[in-house]
Structures are given as structure tokens and as C-alpha cells.
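# Coordinate inspection notes
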Amino acid sequence: MDIKYTNVANDFTTNCVTDQPDATLARSEVQASTALQTIQQFLKNANATMRLEGSIIILLVNRLPKNDDDLISGEYDQLTNLNVKIFPIITIRNLVEHSAIASRSGAVFNRIAAQTNGHYIVANDTIGVDVNSDFNKIIANFMKTSYNQNLLFVRNIGSNRFLSLGSSIGTLRIPKSPTESATVPVTITVSLSAVDTNVPQLPRRLLLAILGNSKFNQTKTVQIDFLNPENVTSFANSNYYTTTVNLDAGIENNLILLYDAGPDQNDVLIRMWTPNAIHRSASYVNAKSEPLTPVNKITESTGAALKFTLENQCSSDKTATLLITDCNGEVSAKYDSDQIFNWKDNSTFYQFVPFFCDNQPTPTTCISGAESKYDAQFVSNDFSVTQSFQCRPGNGPTDNCKLKDSNGNYQCSGTSPFMRGPEGSLTDCSGHGHLEYDEPTKLFSCICDPGFSGPSCEIVTCTNQNTDPLAKDNAYHTYTVVVGLEKTNGFLVFDDAKVLFGLPGLNGTVDLPEVWKYQLLTICADGVFDMIYSGSDLGEFQRLFTSPNYELLARTCNTPPSPGVNDLTTIYKEAVKGIGRNVKGIIVYFSEVSSMINVTLDEFIAASQPYQQQFFVYAVDETSMPILPNGERIAKAAMTTGGFLIQSYITDDVKGHLDTQFIPDFLQSSTSIAWYSSDQVDDFTYFTQNNIFAYVITWNVGDNFKINNGVPFRNCQIAGNENVECKIQGPQTVKGNIDRGAFYVAVYLLDDPLIPKVQIISDLDRDSSNAVSTSSSDTRTMLTFNIPEEYDIVANSGDGGVTRNAQRNGCTFDWTAYSVFATQKYTPGLNIAKITLQDASSNTYTRFFPFGTSSAPVCQNGGTPIQSDGSCLCPSGFQGSDCSLVNCSQSSTSNAWSDVCVCNEIDDATCARQFTSIF
């Protein structure tokens, strides 16, 4: 096959007259078309890239290829990535006659047109010198549009996509006018995919609506009915339509297509063109190479990195945008699908960030064969062009980059700078910045949003610092005891509760200055509560535990026990009625008929999430220890608050199998958690300073619980093989009864110098707790906390770098622990986060943070749930994770628990009117 190149630019008709084909060389009409071999010959040329980039190929065919003829994927890659537009055109007579020959089909021409942004046209007449023939008019139209103008917009719409009622097909960005006109002329060409056997059939409806965008203060709508000859040029018995409209310059338009296919069930190919005289060169490059080198193949692993050069660009504003859409016109939620390039003084070309595409993002509604095609519209001032590419399968993500975030981006485990992409080739900007290419350094680097810094924009500088004095306070300020009563034991349970929870060991000689409020409640087996005491007097609280004091105040419970009547959610709600959400405290529930205890875990979590109250459930029976119904749910409910289930039994002495100093020791300390698990199956080690005391508590294992190479614990209270309470000192290696299976365990440290009290936040820049853990959030729960200056945060052993840690500046809480991996986010129920601290000697210390994860946030006071991050959008005057905390005006301040606003001046009537109905 002989291909000749010429620089002579005569019009098409003149060329046909002066350089007519030699009819004697024509093949027999029964032979298959060689059009595909012609395309392949173009691509084999040594200078194919230089000659073909941005070109058009018009194929005048009089025969159809064989059924199985096609280009290979590499050839489609070259054509699409080089922006080569191919226009096969055939007469109706040739189409019908040749399709009657066995094993002949023009289907490949439909595929080529779809993937190269061309059209496959069927028309009346034959080629010749008659300039008025439809055939020649269509070719002349190609030359005026695709040859002389830039491709502005392209969309392939599969016939299986339901559009009869109207559907969006994407966004069209109109460049500014080079003549500063208010409008830009846009030529629209439309074709229907051709079938082999018959004259093209009209669709029932084909209407395009171009809608203005209120963002640009433009709401004008242009409607084009392609079946109406008054405003559209069409051709008899053809599948091709064209028209030109003037659209407002410099804005975005939304495109709606109403399409009701005819008998042929055709696909629809839409292209839009606009005049432009600026010469450009474009290629997709290997972003990891130095210098940037063009590539013929784009894969999911390498990404599409467009390099763009404009010659003689006179505009002072050289900012450019790149909008990448998939085969359905959808803009991916992934990073870099919608980019802005900020031109710098040292810029000589536009280099866009690689976009990591998907080989087949939405194949069910794309044109067959074009599922992997993407379209990238470049716009800079008065210039615009669409540069398409094919996305091929890659090698798969590397081992440390297999997980994705909520937008589908591959994210990599590791420390800062955090990386992303299937091969970890790009820096992740943590959602608070964007990547830009720097020509002098030849690197893609994060440009951080205001208030963020660091190589991955992971370091925040707080502008709204947390001013709550209780925010970092890890002391216990409230203590609530709920005693379960029933007819069987009467008030005898009070005597046992006194020993365990009435703080008798203090004997009035030890004060609890940090505890501001004590509460003593009872709940009868009939579900009725009685408040025995609520106040700040420790002595009075202790006195009411002593007979006959409680007999005078507590209602006699005449209801016999029955299974499941004491619901832990109801008990928790009653216990926190007089307690602020921002204050740390302990709630104890004690029952001597464990079968009465019941809980629905998700309801309990929703009720307890906004509070900082550790809930300890004492399921203690007389004489023996029966199997605890719903034990797993009860244990997990308690653990979601940082508490625990203590199951035991009483014989002659309450102290026989229960540690009576556990609660008093807690109230006199600041505690943290060195180990916490609801599924422990083997040994574990925790580290503390040597002088630190700890309580090791278990459930579902007891007698066989060991320490230090199998040596039994000392100073322990053991209840059969269900529960252990041990007070021990210093770092330990702990062994459990692994033969029995998984068990529950908690290690509470007393007065630990590493007390990183955490708050749950919705974003890196938040300094106050404003969210709860939800399974509907995009990622794992985000925590913020403090640690002593002499320590640092390091990666958690065993979690594969899922947790990312970042410092903070000017914040009350100076560290953040978060994750970007959507597949690793927490499921409803009990979840446990951890951080690992390291001292100057490289010793590491792990601390655990349990919480309950609900399905969605529950907002108070008219707040609106934000599903993506577990927070609430609060109305004016409220704040907090559930909008239950007050947000006081400048003329007032909140009380210590942030649930009431108090006017700064007692005679400020304006302020008083906000909070007091008497005004």
C-alpha cells in the first residue's frame, strides 16, 4: 500500500479532479475492504506521531470489512491518544449490496468512530465532481469542522442508556471569545451508529438541551431538535446531522439529551467544535520519567498525565482547566479528574497531574468497544480542545497500595509523606491541597490549602482553638451508682453495693476533690427508677448506703426478677440525665440477678456516644455463677464506653471473688488503657514505667489466666473461669487461657503519665469534638489527642500503616490519628483504636481508645446529620457531636458542662431574653 503525503491544501473537490483514483487498480466489489489496513499503514510510518497528532482521516469506502476484522488495542491507543479523528463514509448502495455478502460487516467502523471521536456516515449519492451531492457536502462539513476547528466536546451514548425522558450527558465548558465577543460559535455534529442491512431509520426523538449555569449567573437554555430541518442540516437517508449555535463565552453548560431510539436501536455520537487559530501540541507522558517522555499506552497503573503546549498564546491569563470524563460523561470522584493549572513565570508548558483511570468504569451503559475511553477537555482563556485517551488494565496495585479511599483512589500505607496511586507514585495531599508540577524540580508537589502544611498537607494550624477547660481534663468528675433491686433479695443487695461502690475504704479521711457530683439510683425489676442521692457531698453519698438510711429513701421493690427486664440503654440514659456531655465520669450498674440484664447494642451505642462516661456492669449472682444470657452484647456495650463487664458471684463474703478497691482506685486516678480486646486469643505484652499500677480485668477466662511464663497472678480476685481482677505493677507479658478460645481483656493504668485523652473530630482542622463514630462515614473515625513533648507518635505495629498520624499547630490537641482507607472503616458495634508512642530511648507504648460505632449520627436540637463524617450540622446556638452543647453568644458564657448559657452581666436584659422566658 502506497501512502503519499502532500502539503498542498486544495479543497476536497479540486483534489478529486486533479488526482483522480485509477479505477483499473480497484479491487473487485466482492472483496473485503482494506480500510483497516490503510489505518494500520499510517500508524506504522516512522513519523506517525508527528504526522498524525491532531489529524483527521476520511475513509471513502465502497466495501465492508470482514466480520472479525478489527484494530488491536495498541492501535486504538495510538489513534485515541494522538487525537486522530477517523470518518469512514459509505454510500447506501454500497452498504446494502456489500452487507449481503457473507461474513461482511461495518460494525468495526462504528467502533473506530466512537473511539477516535469521528463519525461513521451513510449517505446517498456517490463521490464525484458534483459539489451539491450529499456525499460531498458531508465531507466538506468534515473539513470545515474537524479539520479547521478544535474538538470542544465529545460524547458516545449507548442505545441501552435510557434517555427518552432526558438525562445528563455531562458538562460543556465554553472558552472565552478571542475577539472578546459575548458568544462563541459552536458547531454540533451528530451521527447514529450505522447498521449493515438497510437505510438508516429515524429515531423517534433526538433533542439536545444546553442549560445555563447559575454559578455563572447564566440560566439561558438552548434546545436543538435534530429531527427539525428548520435549525438542523440533515441529509436524506443519512445518519448524520449538524448545526451551529452561539453559546455564551467563558461559562459551563449542563447538557441534557432526550433520545428515543428508532427501529435500529442506534448508539448516538455527539461532537462539538469551535474555531481556534492557536497551534498546539499535546501528548500523554510518563510522569515518572526525566525528562517527561510521551507514551502510546495509558494504564490504570501509570495514569493519564497530559502535557500540553500552546504556541503564540497571547493571553495574559494562562490559567487552564482539565475536565476528564469517562465513557458515559461522568466526572470521576477520584482525585485529578477536574484540575486547574496555575501558570507560573517559569512555566513553558502545561503539565497536568496523572489521573488514575479505571479500565471499564461503567461498561453496562457505554458503547460496546469504547468502555475504556476517556475524554479530557482542556480550556485556557479563549482556547479549548478535547484530548481523549484509552485506559488499559495495569499491573495491579503494589502490596502497600491496595486499599482505596471513599472516592476510589488507591492509597498507600506508610508514614508522611503519604503516597497514593496504584504504585505509590504521587503524594497524597490529605484532602487539604492539590498537586502541581514544578518544572525546575521536575516534581509533583502538594500545594496546601490555607491553614495546612507538611509534605502531605497533613499538619493543620487551628484557627478555632478548643477553649473548653474540660477538653483535656482526664480526671473523673462524676460518679454514678445504679443498684438493681428485685423482690427476692430486697434491700440486701444494698449491703453488698455498699462494700463495692459506697467507698467505705475512704472513711471520710480521703477526699475526692476531682469528683464534683455523686449519684445513687435504684431500678426495680418493674423498670421504675428512684433517685436516692444527687449532689456533691461525698459523706452524704456514703451515708445513704448504710441501713436504715437507704430503707427510708429507697422504694421497696415488690417485683420478682424476670429475664431481661433491666435494659442497659435505659439505665445509661437515666444515669446521665444530670451529667454534661463534656465531663468524664464512671457509671456502675450492679445486679445480683444477672439474668435480668439485657441490652440492644446499637441502641446503647446511639445513647452513650455523646458522653464520656465509662460504664461498668457488675453481673453478680448469689452462691453460684450461671451462664450470662446476652453476655457478649453486655460486654461489648460496656466496652464501647471504655468500661467492662465484671461477672462474679457472692458466697459468704462480697470480697471473696470481687476486688473492692477497683472503683475507689479509679476515682482517685487519671486512667488510660494499655490493652483492650474483645477477641484476645493469645499472649500480649504491655509496657509502662516500672512504678505504674494497673488493673488487668478479663471476662470469659479466669482460673487459667497466667502471667510471666505461666506463673499465676498474685493480688487477684478470680471468679471461676469467667472473670479475673488483678492489680499489678510495671510492664508485663500476659497469658490467657487460649484453649478456651477468645476472651475479653482490659488493662487500665492508674496515673499513667501518658494520658492521651482523645476527642472524635470530623476533619483535620477541628479542635473540638464534633463527631461520633459511624459506619456511614467515608473513613475510619478521626481522633485528636495530646501527648507529652518528650514522646513521639510512630506507626502501629501490625496495622499495616492504616493509621496516619499528624502533628497540629496552635491547637489544644496537638496530634491527629486518622485513616483514609474506606475499606478499613469501622463497622457498627464495638471498635478499638490505638496509637503507639515512642520515647527518646525508642521504647514504645501502646494506648487504646474504645468507642461505639453507630449507623449514623443522631442530632439534637434540630441538627442535620452529615453521613460522610459522623458529625451534625448544628443550628445557631448549639454545637458538639450531637448539637446538645450550647454555643453561647459574646454576652454570655457556658457553665462548666456546656449545657447552659449564663449572661456575663446580671442586669443584661438583652442577654437574659435569649435564655429566660420571663423576659
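Residues numbered from 1 in each chain as written. Predicted model: local features only at pLDDT ≥ 70, side-chain atom pairs only at ≥ 80, totals over all residues. Heavy atoms only, no water.

The positions that UniProt labels "domain: EGF-like" (unreviewed entry) are, in the present scheme, residues 420–458 and 851–884. Segment residues 420–458 splits into 0% helix and 44% strand. End C-alpha atoms: 14 Å apart. Annotated as 0% helix and 32% strand, the span residues 851–884 places its first and last C-alpha atoms 19 Å apart. (UniProt positions renumbered as here; feature names shortened; annotations may be inferred. Helix = DSSP H or I, 4+ residues; strand = E, 2+ residues; numbered from the N terminus.)

For the protein chain, the assigned domains read domain 1 (475–668), domain 2 (671–752), domain 3 (757–853) and domain 4 (864–913). Centre-to-centre separation of domain 1 and domain 4, based on C-alpha positions: 31 Å. Contact with domain 1, which involves 10 residues of that partner, is made by 7 residues of domain 4. In total, about 630 Å² of surface goes out of reach between domain 1 and domain 4, with carbon and sulfur atoms giving 61% of it. Linking domain 1 with domain 4 are 1 salt bridge. With its nearest N and O atoms 3.1 Å apart, the salt bridge here joins Asp882 to Arg581. Our enumeration of links across domain 1 and domain 4 arrives at 3 residue pairs in polar contact (both at pLDDT 80 or more). Looking at side-chain class alone, the side of domain 1 that touches domain 4 contains 4 nonpolar, 4 polar and 2 charged residues. (Domains from an automatic or database assignment. Contact = heavy atoms within 4.5 Å. Buried area = accessible area lost by both parts, 1.4 Å probe. Salt bridge = Lys/Arg side-chain N within 4 Å of Asp/Glu carboxyl O. Polar contact = N/O pair within 3.5 Å; in protein donor to acceptor, adjacent residues only side chain to side chain. Nonpolar A, V, L, I, M, F, W, Y, C, P; charged D, E, K, R; others polar.)

So, on to the pattern of salt bridges. As enumerated under the stated definition, the model contains 24 salt bridges in all. A salt bridge links Asp358 to Lys334; the nearest nitrogen and oxygen atoms lie 3.0 Å apart. Pair noted here: Asp358 is in the loop between β19 (350–351) and β20 (373–380) and Lys334 is in the loop between β17 (320–325) and β18 (338–341), with a separation of 24 residues, a long-range link. The salt bridge partner of Glu436 is Lys344, with a shortest N-O separation of 2.9 Å. In this pair, Glu436 is assigned in strand β26 (residues 433–438) and Lys344 in the loop between β18 and β19, connecting sequence segments 92 residues apart. Classification of Glu436 by relative accessible area gives buried; the value is 11%. Here the salt bridges do not stand alone but share partners, grouping Arg155, Lys373 and Asp375 into one network. (Buried < 20%, exposed > 50% of the residue type's maximum accessible area, 1.4 Å probe, protein only.)

Taking strand neighbours across the sheet as the criterion, the 6 strands line up as β32-β31-β30-β34-β36-β37 in an open arrangement whose pairing is mixed. Where the open sheet ends on each side, the last strands, each with one partner, are β32 (529–535) and β37 (644–650). Strand-to-strand twist in this sheet, taken as the mean axis angle between neighbours without regard to direction, amounts to 15°. Looking at chain direction, strand β30 (residues 478–485) and strand β31 (residues 517–524) are connected through 8 bridges and run parallel. For Gly484, the partnering residue across the bridge sits in β31 and is Ile523. Docked against the sheet, helix α13 (residues 631–639) engages β36 (612–622) and β37, running at close to 125° with respect to β37. (Pairing = 2+ DSSP bridges. Axes fitted to C-alpha atoms, helices over the stretch in contact; angles between N-to-C directions.)

Our focus in this paragraph is the environment of Ala209. Within the secondary structure layout, Ala209 lies in strand β7 (residues 205–211). The spatial distance from the C-alpha of Ala209 to the C-alpha of Glu75 is 35 Å, given a sequence separation of 134 residues. For Ala209, the contacting residues outside a window of four places in its chain are Val222, Gln223, Asn254, Leu255 and Ile256.

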